[in-house]
Amino acid sequence: MIQTVIFDMDGVIVDTEPMHHYAYSQHFSQLGIDVSPELYASFTGNSTKNIYEKLKMQFTLDQDIQYLVETKRNLFNDAFDSKNDLFLLDGVKDLIEDFYANGIQLVLGSSSAKVTIERIFNRFDLHRYFSHIVSGEDFLYSKPHPAIFEYAARVSKTDRNNCVVIEDSTNGILAANAAGIYCIGYDSVNSKMQDYSTADQVIGHFSELNFERIRNIKG
């Protein structure tokens, strides 16, 4: 029986991608590098640190990784503070409340930085629903490496066979696969160039899920 659901954040709980894209685009222009849409899409699910490690290598950037990360983060924070059109994705709050009311443990497993997670969770009052928050900045390797989901299952004290991951990205789905955790792929209207073929189940809206539909999933 499913006891724990591990949620990704960006693209699953909220769509901060437009703000991230704006911040990255501003920074790429400052750096004088041309990042193609295909290369940018391949970064989905990666931590900011890992993205800049790849960009530093590909474009032979001189700047320190931490400096690059902080510059982008400041651009994102400016956009976050100035925009009022950031909302939870349609149906996700109802799903979170349904799981929580029925005793499902909720864990966040997001590649986002802790400061970004805190901003989102405070803005939408989500802390009360989640027992643990796991940030990708604490791991050497980003998704598709399974470390973040392996750790999320471990801190939840739940056997992986009794966990479910909800993910919207190719890298996130592959990470769940590698961790041996049942994965529900969320193919939303906001998803771009992502592969859901290895997800165990694919949904297009959170109304397709509830406690009764996931409780007896066989991991």
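Worth saying up front: this structure is predicted, and the values here are computed from it rather than measured.

**Student:** Explain the overall build of the chain here, please?
**Tutor:** Of the regular secondary structure elements, the chain holds nine helices and six strands. Whereas a compact globule of 219 residues would reach a radius of gyration of roughly 17 Å, the chain reaches 17 Å, a difference of no more than 12%. The dimensions of the chain, computed from C-alpha atoms along their principal axes, are 50 × 35 × 30 Å. By residue count, 53% of the 219 residues in the chain fall in the buried class. On the chain, roughly 10,200 Å² of surface is accessible, and the fraction owed to carbon and sulfur atoms is 49%.

**Student:** What exactly am I supposed to notice about the packing of helix α4 (residues 65-82) against helix α6 (residues 114-124) here?
**Tutor:** Working note: a packed helix pair is described by the angle between its axes plus the distance between those axes. Relative to each other, α4 and α6 sit at 10°, their axes nearing to 11 Å. Classed by the angle they form, the pair α4 and α6 counts as roughly parallel. Taking contact as the criterion, the partners of R73, F76, N77, F80 and D81 in α4 are, on α6, V115, T116, R119, I120 and R123. The residue makeup of the contact of α4 with α6, split by class, is four nonpolar, two polar and four charged.

**Student:** When you look at the layout of surface pockets in this model, what are you seeing that I'm missing?
**Tutor:** Put simply, the largest pocket is a space of about 850 Å³. Taken together, 42 residues make up the lining of the largest pocket; nearest its centre are E17, H20, Y40, F43 and T44. Looking at the lining of the largest pocket, the elements with two or more residues in it are α1 (17-31), α2 (37-42), α3 (48-59) and α4. In terms of residue count, α1 provides more of the lining of the largest pocket than any other element does, seven residues in total. In the lining of the largest pocket, the residues fall into 13 nonpolar, 18 polar and eleven charged.

**Student:** Please clarify how the sheet that holds strand β6 (residues 201-203) should be interpreted in this entry.
**Tutor:** As a general point, the strands of a sheet are linked pairwise by backbone hydrogen bonds and lie either parallel or antiparallel. Strand order in the open sheet made by the six strands is β3-β2-β1-β4-β5-β6, with parallel pairing throughout. Edge positions in the sheet fall to β3 (130-135) and β6, since each of these pairs with one other strand and no more. Sheet twist, expressed as the mean angle between neighbouring strand axes with direction ignored, is 20°. Pairing between strand β5 (residues 182-186) and β6: three bridges, direction parallel. If you follow G185 over to β6, its bridge partner there is V202. The sheet strands contacting α6 are β2 (105-110) and β3, and the helix crosses β3 at an angle near 145°.

**Student:** What is the right way to read the nonpolar core from this model?
**Tutor:** Across soluble globular proteins, nonpolar side chains have a tendency to be buried as a group. Core analysis: the biggest nonpolar cluster contains 41 residues, and V5, F7, I13, F99 and I166 have the highest contact counts within it. Those residues in contact with I166 that lie beyond four places of it in its chain are V5, I6, F7, D8, V12, L95, F99, I184, Y186, F206 and L209.

**Student:** It is not clear to me how the state of the cysteines should be interpreted in this structure. Could you clarify?
**Tutor:** Scanning all chains against the criterion turns up zero disulfides. Lacking any disulfide linkage, C163 is separated from the closest cysteine sulfur, that of C183, by 12 Å. You can call C183 buried: its relative accessible area is 0%.

**Student:** Is there a simple way to think about helix α8 (residues 170-179) in this case?
**Tutor:** Think of an α-helix as turning once every 3.6 residues; residues three or four places apart then point the same way. With respect to burial, α8 is a largely interior element, seven of its ten residues being buried. Burial in α8 covers these residues: T170, N171, G172, I173, A175, A176 and A179. If you follow the buried residues of α8, they end up packed against α2, α7 (147-156), β4 (163-167) and β5. Just downstream of α8 lies G180, where phi reads positive at about 75°.

**Student:** Mind showing me how you'd approach empty space enclosed by the protein here?
**Tutor:** Throughout the structure, instances matching the rule amount to one cavity of 30 Å³ or more. Reported here for the largest cavity is a volume of approximately 40 Å³. If you trace the largest cavity, you find it lined by S111, G136, F139, Y141, S142, K143 and I148. Class assignment for the residues of the lining of the largest cavity results in three nonpolar, three polar and one charged.

**Student:** Please clarify how the side chain of T16 should be interpreted in this entry.
**Tutor:** With respect to the helices, strands and loops of the structure, T16 is situated in the loop between β1 (4-7) and α1. Residue T16 is classed as buried on the basis of its relative accessible area of 0%.

What counts as what
Residues numbered from 1 in each chain as written. Predicted model: local features only at pLDDT ≥ 70, side-chain atom pairs only at ≥ 80, totals over all residues. Heavy atoms only, no water. Helix = DSSP H or I, 4+ residues; strand = E, 2+ residues; numbered from the N terminus. Rg over C-alpha atoms; globule rule 2.2 N^0.38 Å. Buried < 20%, exposed > 50% of the residue type's maximum accessible area, 1.4 Å probe, protein only. Areas by Shrake-Rupley, 256 points an atom, 1.4 Å probe, with all protein chains shown as cover. Axes fitted to C-alpha atoms, helices over the stretch in contact; angles between N-to-C directions. Parallel < 35°, antiparallel > 145°, perpendicular 65-115°, else oblique. Contact = heavy atoms within 4.5 Å. Nonpolar A, V, L, I, M, F, W, Y, C, P; charged D, E, K, R; others polar. 1 Å grid on protein atoms, 1.4 Å probe; cavity = no way out; pocket = protein on both sides within 12 Å on 5 of 7 lines; lining within 4 Å. Points joined across faces, edges and corners; volume = space filled by probe spheres on them. Pairing = 2+ DSSP bridges. Core = buried A, V, L, I, M, F, W, Y, C linked by side-chain atoms within 4.5 Å. Disulfide = S-S within 2.5 Å.

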